[in-house]
Amino acid sequence: MQQDKGSFPDDFLWGGAVSACQTEGGWNVNGKGASIADCMALGDKEEGRKCFPSLDKKYIYPSHYGNHFYEHYEEDIKLFAEAGFQCFRMSVAWTRIFPTGEEETPNQAGLDYYRSVFETCRKYKIEPIVTILHYDLPLALAMKYEGWSNPKLIPLYEKYAKTIIDEYADLVVYWIPFNEINCLTLPLGTVFGGGIIEKEGCNILPEQDDMERRYRCLHHQFLAAAWVSAYAHEKYPHIRVGTMIAYYCTYPYSCRPEDVRMAQEHHKIHNLLCLDVRLKGKYPWYMKKFFRENKISITCSKEEKELLQKGTADFCGFSYYFSNCISGQQGLESSMGNLMAGVKNPYLKQSEWGWQIDAEGLRIALNELYGRYEVPLMVLENGLGARDHIENGKIQDTYRIAYLKEHINAVKEALEDGADVKAYTAWGCIDLVGVSTGEMDKRYGIIYVDFDNKGNGSGKRIPKESYYWYRQVIESGGKESLSYERKR
């Protein structure tokens, strides 16, 4: 849809994003089983999280409480509606539907819960955008089958996906099979994406990376995601099935040809591979050399190739938080990120957690992705993790407003460039526990939740200053993102 210069399309979807394992809590109530997220202990930015499948009581497990969305969802969705949300990206917990992943029949209490959540969204005219698996594989499947390295997970996932698509086809149009599916191109994706837990107390970053196993996991997820697309397209023509990656914006540190080539190779493997498979329906040409050089043997049968081609995605979603540089030079200062680190860019500022703030990188990403695939794009995660402080009952998070303002303006500029961007969902629109550290103190929300890192607190919801700013942005159709003065 055409839009005036400096504005967003009339059908643009504004909203926020969360995941089940970071918000819901209620990890073992009403028939829910344990997930891999439920065995990840609390960490911090100095020491990463560790996995304890035995749920050793000496440790704190943040997903057990989250922000108590399981009990507060009606209140929270009402707050989203009052902020003007038109969409809400969330996930279904597999273990609420099939507690171990292998039950013959679904858990009715879980089905009823999500129906109520989706009906509440619809009550407030909020479009759900639903992720089927968001870093919370059933723990029983991780332990029994070594996660997604085993192809036996494919039919189990298909049964789960079919169950919820059939159950909620009247309420949910937009589905995403896997959160940040490209995390398996990185060692840190072994646990989160692959569901592979090496041993009791293992770190979420494996001590010894098994690259072939990671790409075998990824291949199985490609097949499962393609099946979801093919099934939904055949049975429910109104449903749209997307794909989603974490977009790793990586610049060459210098104009040395070696640095430029390294950045190009990084982009192909960590950004484009998963999108090429899900949007073009086949493994791209450059993977032959990559698999050969890394001694990775991925066989794709004729039937699998046909499925990948048949089950392509309808839209491209992605998360974007920061950018990094890459270089073959030694001794350069490093920077941090959610799934990967890189070389520090001297032209950028960074957050307290070392993530470099780069709104221009979001515009670059939108142009790159639309230019390559020409499918609708959704910015499904974007936000700033920071420590917030309550003063006189208020949270003046001007730093978050500045971050969101810059990135929303980057989306606006990409629209003016000609990219077809359909949605922007700020992560996490309400405070939640982090994936990489499990901390609550690293807050992303525009709504404050009174819980600390150990789950202590009243749980009271307090809109931050960014909440009121974002409401004005939405009310104005994006026109007020350049300037802000709160309307009392």
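Above this text sits the structure in question.
Residues numbered from 1 in each chain as written. Predicted model: local features only at pLDDT ≥ 70, side-chain atom pairs only at ≥ 80, totals over all residues. Heavy atoms only, no water.

*Asks:* Give me the lowdown on the overall build of the protein, citing residues and values where you can.
*Replies:* Within the protein, the secondary structure is distributed over 14 helices and 16 strands. The principal-axis extents of the C-alpha atoms in the protein amount to approximately 60 × 60 × 50 Å. The burial tally for the protein puts 61% of its 488 residues in the buried class. Restricting the contact set of the protein to residue pairs at least 6 apart, pairs at least 24 apart contribute 74%. Of the roughly 19,400 Å² of accessible surface on the protein, a fraction of 49% belongs to carbon and sulfur atoms. In the protein, 58 side chains carry a positive charge and 67 a negative one; their mean positions are 2 Å apart. (Helix = DSSP H or I, 4+ residues; strand = E, 2+ residues; numbered from the N terminus. Buried < 20%, exposed > 50% of the residue type's maximum accessible area, 1.4 Å probe, protein only. Contact = heavy atoms within 4.5 Å. Areas by Shrake-Rupley, 256 points an atom, 1.4 Å probe, with all protein chains shown as cover. Lys, Arg positive; Asp, Glu negative; His and termini not counted. Charge placed at Lys NZ, Arg CZ, Asp CG, Glu CD.)

*Asks:* Tell me about helix α8 (residues 211–235), residues and numbers included.
*Replies:* An ideal rise of 1.5 Å per residue puts 36 Å on 25 residues; α8 measures up with 36 Å between its terminal C-alpha atoms. Taking burial as the measure, the 25 residues of α8 include 18 buried ones, the bulk of the element. (Expected span 1.5 Å × (residues − 1).)

*Asks:* Before we move on, can you summarise the pattern of salt bridges with the specific residues and values?
*Replies:* For the structure shown, the criterion picks out 29 salt bridges. Ionic pairing is found between E127 and R122, a salt bridge with its closest N-O pair at 2.7 Å. For E127, a relative accessible area of 16% translates into the label buried. A salt bridge links R372 to D276; its shortest N-O distance comes to 3.0 Å. Taken together, the residues span a long stretch of sequence, with R372 in helix α12 (residues 359–373) and D276 in helix α9 (residues 257–280) at a distance of 96 residues. Here the salt bridges do not stand alone but share partners, grouping D388, D397, R400, D431, R443 and K464 into one network. (Salt bridge = Lys/Arg side-chain N within 4 Å of Asp/Glu carboxyl O.)

*Asks:* Give a detailed account of the layout of surface pockets, specifying residues and quantitative values.
*Replies:* Approximately 340 Å³ is the volume found for the second largest pocket. Every residue lining the second largest pocket is counted, 13 residues in all, and those nearest its centre are Y283, K288, I298, C300 and K305. Among the elements of the structure, α10 (287–293) and α11 (302–310) are those that each provide at least two residues to the lining of the second largest pocket. Taken together, the residues of the lining of the second largest pocket sort by class into eight nonpolar, two polar and three charged. (1 Å grid on protein atoms, 1.4 Å probe; cavity = no way out; pocket = protein on both sides within 12 Å on 5 of 7 lines; lining within 4 Å. Points joined across faces, edges and corners; volume = space filled by probe spheres on them. Nonpolar A, V, L, I, M, F, W, Y, C, P; charged D, E, K, R; others polar.)

*Asks:* Quick rundown of the sheet that holds strand β7 (residues 240–246)? Include the residues and the values.
*Replies:* Spatially, eight strands are ordered β1-β3-β4-β5-β7-β9-β13-β14 in a closed barrel, and the strand pairing comes out parallel. Neighbour-to-neighbour, the strand axes of this sheet turn through a mean angle of 25 degrees, independent of strand direction. Here five bridges tie strand β3 (residues 87–91) to strand β4 (residues 127–133), and the two strands are oriented parallel to one another. Along β4, the bridge assignment pairs S91 with T131. Sheet strands in contact with α8 are β4, β5 (174–178) and β7, and its direction is about 160 degrees off that of β5. (Pairing = 2+ DSSP bridges. Axes fitted to C-alpha atoms, helices over the stretch in contact; angles between N-to-C directions.)

*Asks:* With reference to specific residues and values, describe the packing of aromatic side chains.
*Replies:* The final tally for this structure, using the stated rule, is 38 aromatic pairs. Aromatic pair Y113 and Y114: ring centres 4.8 Å apart, planes at 70 degrees, arrangement edge-to-face. Here the basic side chain of R96 rests over the ring of Y113, its NZ or CZ set 5.6 Å away from the ring centre. Across from the ring centre of F98, 5.0 Å away, lies the NZ or CZ of K159, which sits over that ring. (Phe/Tyr/Trp six-rings, centres within 6.5 Å; stacked < 30°, edge-to-face > 60°. Lys NZ or Arg CZ within 6 Å of the ring centre and 35° of its normal.)

*Asks:* Lay out the pairing of strand β10 (residues 323–326) with the relevant residues and their values.
*Replies:* Of the two faces of β10, the one lined by S323 and C325 and the one lined by N324 and I326 are each fully buried. The pairing of strand β8 (residues 249–252) with β10 spans four bridges and is parallel. Looking at the pairing, C249 lines up with S323 of β10.

*Asks:* Tell me about the side chain of S323, and name the residues and values.
*Replies:* If you trace the backbone, S323 turns up in strand β10. One polar contact links S323 to D358, side chain to side chain, over a distance of 2.7 Å. Excluding residues within four positions of it along the chain, S323 makes contact with C249, Y251, L348, Q356 and D358. (Polar contact = N/O pair within 3.5 Å; in protein donor to acceptor, adjacent residues only side chain to side chain.)

*Asks:* Talk me through the packing of helix α13 (residues 398–417) against helix α14 (residues 465–475); I want residue IDs and the actual numbers.
*Replies:* Across the interface, α13 lies against α14 with an axial gap of 9 Å and an inter-helix angle of 25 degrees. By the angle between their axes, α13 is roughly parallel relative to α14. The hand of the α13/α14 crossing is right-handed. Contacts from R400, I401, L404, K405 and I408 of α13 reach α14 at E465, S466, W469, Y470 and V473. Taken together, the residues of the contact of α13 with α14 sort by class into six nonpolar, one polar and three charged. (Parallel < 35°, antiparallel > 145°, perpendicular 65-115°, else oblique. Left-handed = near helix turned anticlockwise from the far one by under 90°.)

*Asks:* Could you give an account of helix α2 (residues 69–82), with specific residues and numbers?
*Replies:* Along an α-helix, a turn takes 3.6 residues, which lines up residues three or four apart on a common side. Within α2, the axis deviates most sharply at E75, by approximately 40 degrees. By the burial criterion, the buried members of α2 are F69, Y70, Y73, D76, I77, L79 and F80. Where α2 terminates, the next one or two residues include G84, which has phi positive at roughly 95 degrees. (Bend = angle between axes of the 7 residues up to and from the residue.)

*Asks:* Tell me about the nonpolar core, residues and numbers included.
*Replies:* In terms of nonpolar packing, the biggest core is built from 146 residues, with W148 and Y157 touching the most fellow members. Per-element tally for this core: the top contributor is α8, with 11 residues. One finds I176, F315, M378 and A423 within the second-largest nonpolar core, a separate group that totals nine residues. (Core = buried A, V, L, I, M, F, W, Y, C linked by side-chain atoms within 4.5 Å.)

*Asks:* Please set out the packing of α2 against helix α4 (residues 108–123) residue by residue, giving values where relevant.
*Replies:* The interhelical angle for the contact between α2 and α4, taken along N-to-C directions, is 15 degrees, at an axis separation of 9 Å. Taken together, the axis directions place α2 and α4 in an arrangement best described as roughly parallel. Seen along the crossing, α2 lies across α4 with a hand that is left-handed. Note on element contacts: α4 touches α2 through Y113, S116, V117, T120 and C121, opposite F69, Y70, Y73, E74 and I77. Per-class residue counts for the contact of α2 with α4 are seven nonpolar, two polar and one charged.

*Asks:* Mind laying out unusual backbone geometry, listing which residues take part and the relevant values?
*Replies:* Positioned with a positive phi, E180 is a non-glycine residue whose angle comes to about 40 degrees. In this fold, E180 is placed in the loop between β5 and α7 (189–192).

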